[in-house]
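What the coordinates show
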Protein chains: 2
Amino acid sequence: PPLEIDYSIISKTITNNAIALRERALSDNLSVDIVESLTTEVGPRRMGTDGDQRAISWALEKFKELGFDRFWTEEVLLDRGWVRGEAKAEILSPYPHNIVMTALGYSVGTNGDLVGEIVEFKTFAELEALPEGNNLKGKIAFVSYSMSDFKPQPGQPLMGGYSEGTKARSRGHVTAAKRGAEALIIRSVGTDNNRYAHTGSGYGYEEGVKRIPAAAISAPDAILIQNILKRETPVIMKMNMTSEITGPKKGANIIGEITGREHSDQYLVLGAHIDSWDEGTGALDDGAGVGAMMAAAAFIGQMENRPKRSLRVLLFAGEEIGLYGVNDYLKKHKDALGKHVLGAEADGGGGRVHTLIPGVGSTALLVINEMHKLIAPLGIVLSEENNAKGGSDMGVLGEAGMPALNFSQNSNDYFKYHHTPNDTFDKIIAEDMRYLTAAYSTIFYLAAEMPVDFRQ
Amino acid sequence: PPLEIDYSIISKTITNNAIALRERALSDNLSVDIVESLTTEVGPRRMGTDGDQRAISWALEKFKELGFDRFWTEEVLLDRGWVRGEAKAEILSPYPHNIVMTALGYSVGTNGDLVGEIVEFKTFAELEALPEGNNLKGKIAFVSYSMSDFKPQPGQPLMGGYSEGTKARSRGHVTAAKRGAEALIIRSVGTDNNRYAHTGSGYGYEEGVKRIPAAAISAPDAILIQNILKRETPVIMKMNMTSEITGPKKGANIIGEITGREHSDQYLVLGAHIDSWDEGTGALDDGAGVGAMMAAAAFIGQMENRPKRSLRVLLFAGEEIGLYGVNDYLKKHKDALGKHVLGAEADGGGGRVHTLIPGVGSTALLVINEMHKLIAPLGIVLSEENNAKGGSDMGVLGEAGMPALNFSQNSNDYFKYHHTPNDTFDKIIAEDMRYLTAAYSTIFYLAAEMPVDFRQ
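Residues numbered from 1 in each chain as written. Chains lettered and ligands numbered in written order. Predicted model: local features only at pLDDT ≥ 70, side-chain atom pairs only at ≥ 80, totals over all residues. Heavy atoms only, no water.

This part takes up the overall build of chain A. Secondary structure assignment for chain A yields 12 helices and 18 strands. Long-range pairs, those at least 24 residues apart, make up 84% of the contacts in chain A between residues at least 6 apart in sequence. Taken together, the 46 basic and 59 acidic charged side chains of chain A have centroids lying 2 Å from each other. (Helix = DSSP H or I, 4+ residues; strand = E, 2+ residues; numbered from the N terminus. Contact = heavy atoms within 4.5 Å. Lys, Arg positive; Asp, Glu negative; His and termini not counted. Charge placed at Lys NZ, Arg CZ, Asp CG, Glu CD.)

Pasting the structure below:
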């Protein structure tokens, strides 16, 4: 029999408020305007850069303007800074070609021109399978794996292609160095065929292993090199990267609060990360998340009454370069983690949510079921799984025991643009952003208002 | 009543041959392989550069390999060379931003840093409407016209947005200089929102008018600047371009011939241009044309018998920078223009042909009607107009009196990628290229075989 809304769980007043809130979010462009403001007035904001400092001032100003009750920063230390510098590459032979390349985060530079023969590995596993030693001495290791080639098996996550691609991105330089390579290049981890390289984070260098430069090249250039290699002739590349690891830097988590009218010390946490990679203006990654979360909480704050519990918008520092912000937040707020009622993070671009995945206690699941019905008209289904950790930064709090939700989004565009110069405001689709914001505001209003223990 | 093929016009043997040829072209990847070879082994080939010289050798070798009966070059002089150099730009205030910029062809450099306030003009007409004088003294004129905004009126060509955009691209720097501007920037003439600038050709400088630098910026950056300007605050930009006009250079038209078995001195001419802009590898513009025309003629040449008339594949020099090759060809072959039976050029990317537009005598039109039926299965309609000039370079010969055909193609992708670093081989869709090649080979085989005077 069809399920019916059980008004003993969600009162008619709260239901009506939630519907009104959802409809307002669908018709109000606030989330889009916030992304426009952040990308226009701040732009790139990698942690430890001037842009990051401007972003912090911007966010505090925006929280104020949006009528948040409290807003503050919590300083986060970054053990090392990094200057991207320039990255130039060209094929010297058999045919001269410029190659579009960008350094992977926290790579060292080449210290002048580095010339070597390219040796292709189709996957990270293939590179790993090569015995350690001097096999790649004088060579440039090239992992040509394409994220788009990933065909998920039953039960595998759709994002498996991204996970597979990030193996070489995060560990390839150490693995290649152990085999004697002079440098690592990878095909960009993305789904587009634009001639941009997608940057991203490495996991740093390993003690006792040579620190070799690591870079991504664009998909068209990866295909070009593969096509030359098919001619069974050595491909010699010259690269020059002026990246540099520098001393420690400071950043901050930025927190804005709508204070609850009854349980002000119980927090619903809406996460996004304030930092972005440095080549685009960080519109999809994660301007969209910042816009959706700030707007969702602001809409709730602008209702007639404050919700029963507090809402906290957490804008994390340094997600892209290793979850610096959330780890600091957890350390500072460990004792209050039990007061973090439920959390979710928006970090999948500006596309619409298609699936809500809960990660709550079994009793609370019944309530999530009812709450979901109020966002079902947005085209959102409820997953049968109950293992969400909150995504991105928030997943750290989820793993530490905080109940969480994951809002799975359409991320078709996200993996075309993210981590490239192409991640700019024009990629934001306003209607989709309003849908996204409607989903977050509706669910978090309900969760803040209802007397549910999501741990139970 | 439905039209029937009149076999008194096209014999059954020729019809069958044409169908066999069409089907072969649909199943043979030769045109794609040629584009792969040109873009991989040569790459960028702006006239007057080393790449252009490599392209000439490549083309002669390819004609040989494909079994053409004759192939040769005809030297073409270029009155001035050009070095692109680097183009860097940044917004200094009110918010610091890097801007993706590229020099327009044959622009002078900035001679160090050039700093100025940006003054926006929505269209070239708006810039022109400003009286000449010192109104733009110290300023950077910015024409923000977007090709995508063009809404064709009844009777206007679909490509009107491109024509409109190229006004500022070709004449904007002179117009802006006459009003005192220090530099011209335009929104790229293209339909994409990728963060690339589309280069393209200016018409050169005017005697007695200050030679100011001219550059295109990417669509996302044009939008960014417009969004800052909405805040009604001066936008100050710094640009640095090291472009340089140099001395004369040499290039060549490259001609490959399948010699006719009866009228070897009558030519069907299949045109494309060998040169490309210098930032991509010229896959769509005009590798696709080179591939389609070489393959179409090669397929005809590989039939059991040579066709009655000769086929000439004309690969023109210097189309992008001012039709150098075709003008030289016309000068050299003026006396033989009457022997040029019919011509067409492929210079619209790798998309499928949707419309065949003739430009022939009224009697010949009846034959074109019958010929068209053999390519109608490729999804091609016959235009009711009869005014084609052959397109691009070939249009110069068409204007001089040569009968011509235009094959209108799906160019949706073309205007996203052309003149940018993104014009690379991966953008070629193999099946579409086979359709394109099938259309050219079928029509040109018929035209070479049939005793028609296309001038009548």
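With that settled, the discussion passes to the pattern of salt bridges. Residues and elements named next belong to chain A. Following the criterion strictly, the structure yields 56 salt bridges over all chains and no others. Between R195 and D221 there is a salt bridge; the shortest N-O distance is 3.2 Å. In this pair, R195 sits in the loop between β8 (183-187) and β9 (214-217) while D221 sits in helix α6 (residues 219-229), placing the two residues 26 residues apart along the sequence. For the pair R195 and D221, a shared accessibility class is recorded, and that class is buried. In this structure, K373 engages E370 in a salt bridge whose closest nitrogen and oxygen atoms are separated by 3.1 Å. Of this pair, K373 and E370 both sit in helix α9 (residues 362-373), separated by three residues, roughly a single helical turn. Several salt bridges share partner residues, and in doing so they unite R46, R84, D278 and E279 into one network. (Salt bridge = Lys/Arg side-chain N within 4 Å of Asp/Glu carboxyl O. Buried < 20%, exposed > 50% of the residue type's maximum accessible area, 1.4 Å probe, protein only.)

Right, let's get into the domain arrangement of chain A. Residue and element names in this part refer to chain A. What the domain assignment lists for chain A is domain 1 (12-79 + 248-449) and domain 2 (84-246). The contact between domain 1 and domain 2 buries some 1500 Å² in all, and 55% of this surface belongs to carbon and sulfur atoms. Among the residues of domain 1 in contact with domain 2, W277, F415 and H419 are the three that bury the most area, contributing 36% of the side total. The closest approach of N and O atoms between E279 and R84, which form a salt bridge, is 4.0 Å. If you look at where domain 1 meets domain 2, you find eight residue pairs in polar contact (both at pLDDT 80 or more). Here the side of domain 1 that touches domain 2 is built from residues that sort into six nonpolar, six polar and six charged. (Domains from an automatic or database assignment. Buried area = accessible area lost by both parts, 1.4 Å probe. Polar contact = N/O pair within 3.5 Å; in protein donor to acceptor, adjacent residues only side chain to side chain. Nonpolar A, V, L, I, M, F, W, Y, C, P; charged D, E, K, R; others polar.)

Confidence along chain A averages 95 in pLDDT terms, with 97% of residues attaining 70 or more. Every residue in residues 1-5 of chain A scores below 50 in pLDDT, and together they form five contacts with partners more than four places removed in sequence or on other chains. (pLDDT = per-residue confidence, 0-100.)

This next bit is on the sheet that holds strand β9 (residues 214-217) of chain B. All names here are of chain B. Read across the open sheet, the eight strands follow the order β4-β3-β10-β6-β7-β8-β9-β5; overall the sheet is mixed. In this open sheet, the two edge strands, each paired with only one partner strand, are β4 (97-99) and β5 (101-103). If you compare each strand with its neighbour and ignore which way they point, the axes differ by 35° on average. By the bridge criterion, four bridges tie strand β6 (residues 114-121) to strand β10 (residues 236-241) in an arrangement that is antiparallel. Following the sheet pairing, E117 is matched in β10 by I236. (Pairing = 2+ DSSP bridges. Axes fitted to C-alpha atoms, helices over the stretch in contact; angles between N-to-C directions.)

A separate point is the pairing of strand β12 (residues 249-258) of chain A. Residues and elements named next belong to chain A. Judged by how many residues are buried, β12 sits mostly within the fold: eight of 10 residues are covered. Judged from the nine bridges that link them, strand β1 (residues 70-78) and β12 form a sheet pairing that is antiparallel. Within β12, the residue paired with F71 across the bridge is G256. Where β12 and strand β14 (residues 309-316) come together, five bridges link them in antiparallel fashion. The residue of β14 that forms the bridge with G256 is V313.

The next thing to look at is the interface of chain B and chain A. Taken together, the contact between chain B and chain A spans 34 residues of the former and 34 residues of the latter. Roughly 2500 Å² is buried in total at the junction of chain B and chain A, and carbon and sulfur atoms are behind 44% of that figure. Counting across the interface, chain B meets chain A through six salt bridges. Taken together, the connections running from chain B to chain A amount to 24 residue pairs in polar contact (both at pLDDT 80 or more). Among the elements of the structure, α2 (30-41) and α6 (219-229) of chain B are those that each provide at least two residues to the side of chain B that touches chain A. For the side of chain B that touches chain A, the per-class residue count stands at 12 nonpolar, 12 polar and 10 charged.

With omega at 5°, the peptide bond leading from A:D285 into A:D286 counts as cis. Tracing the sequence through the fold places A:D286 in helix α7 (residues 283-301). Here the amide bond leading from B:S93 into B:P94 is cis, since omega sits at 10°, within 30 degrees of zero. Turning to its location among the elements, B:P94 is positioned in the loop between β3 (87-93) and β4. For B:E232, which is not glycine, the phi torsion reads 55° and is therefore positive. Relative to the elements of secondary structure, B:E232 occurs in the loop between α6 and β10. You can call B:E232 exposed: its relative accessible area is 76%.

Bringing the environment of B:L114 into the picture now. Following the sequence through the fold, B:L114 ends up in strand β6. When the C-alpha positions of B:L114 and B:I140 are compared, they lie 9.3 Å apart, and in sequence the two are 26 residues distant.

Our focus in this paragraph is the relation of the copies chain B and chain A. Superposition record for chain B on chain A: RMSD 0.0 Å, screw rotation 180°, translation along axis 0.0 Å. Those values place the two copies in the arrangement expected of a two-fold rotation axis. For chain B, the minimum C-alpha distance to the rotation axis belongs to B:N194 and amounts to 4.1 Å. Looking at chain B, 100% of its interface residues are interface residues in chain A too, so the copies touch through the same face. (Least-squares fit on C-alpha atoms with pLDDT ≥ 70 in both.)

All names here are of chain B. By the secondary structure assignment, A295 is in helix α7 (residues 283-301). Taking the C-alpha atoms as reference points, A295 and L66, separated by 229 residues in sequence, lie 8.2 Å from one another. Once residues within four sequence positions are removed from consideration, A295 is found in contact with L30, S31, I34 and T437.

Okay, the packing of aromatic side chains next. According to the stated counting rule, one finds 13 aromatic pairs over all chains in the structure shown. Look at B:W82 and B:Y106: their rings are 5.7 Å apart centre to centre, the planes differ by 25°, and that puts the pair in the stacked class. Of this pair, B:W82 sits in strand β2 (residues 81-83) while B:Y106 sits in the loop between β5 and β6, placing them 24 residues apart in sequence. For the pair shown, B:W82 and B:Y106 are each scored as buried. With centroids separated by 4.2 Å and ring planes inclined at 40°, the aromatic side chains of B:F407 and B:Y440 adopt a geometry described as tilted. In this pair, B:F407 is assigned in strand β18 (residues 404-409) and B:Y440 in helix α12 (residues 430-449), connecting sequence segments 33 residues apart. Here the aromatic cluster, defined as three or more aromatic residues joined through ring pairs, consists of A:Y162, A:Y414 and A:F415. Stacked on the ring of B:Y267, the Lys or Arg B:R312 has its end atom at 3.7 Å from the ring centre. (Phe/Tyr/Trp six-rings, centres within 6.5 Å; stacked < 30°, edge-to-face > 60°. Lys NZ or Arg CZ within 6 Å of the ring centre and 35° of its normal.)

Below, the discussion takes up the sheet that holds β9(A). Residues and elements named next belong to chain A. Pairing is mixed in the open sheet, where eight strands are placed in the order β4-β3-β10-β6-β7-β8-β9-β5. For this open sheet the edge positions go to β4 (97-99) and β5 (101-103), each flanked by a neighbour on one side alone. Ignoring which end each strand starts from, the neighbouring axes of this sheet average 35° apart. Where strand β7 (residues 139-143) meets β8, four bridges bridge the pair, whose relative direction is parallel. Within the sheet, the bridge partner assigned to F142 lies in β8 and is I185. Contacts from α6 reach β3 (87-93), β4, β6 (114-121), β7, β8 and β9 within the one sheet, and its direction differs from that of β4 by about 135°.

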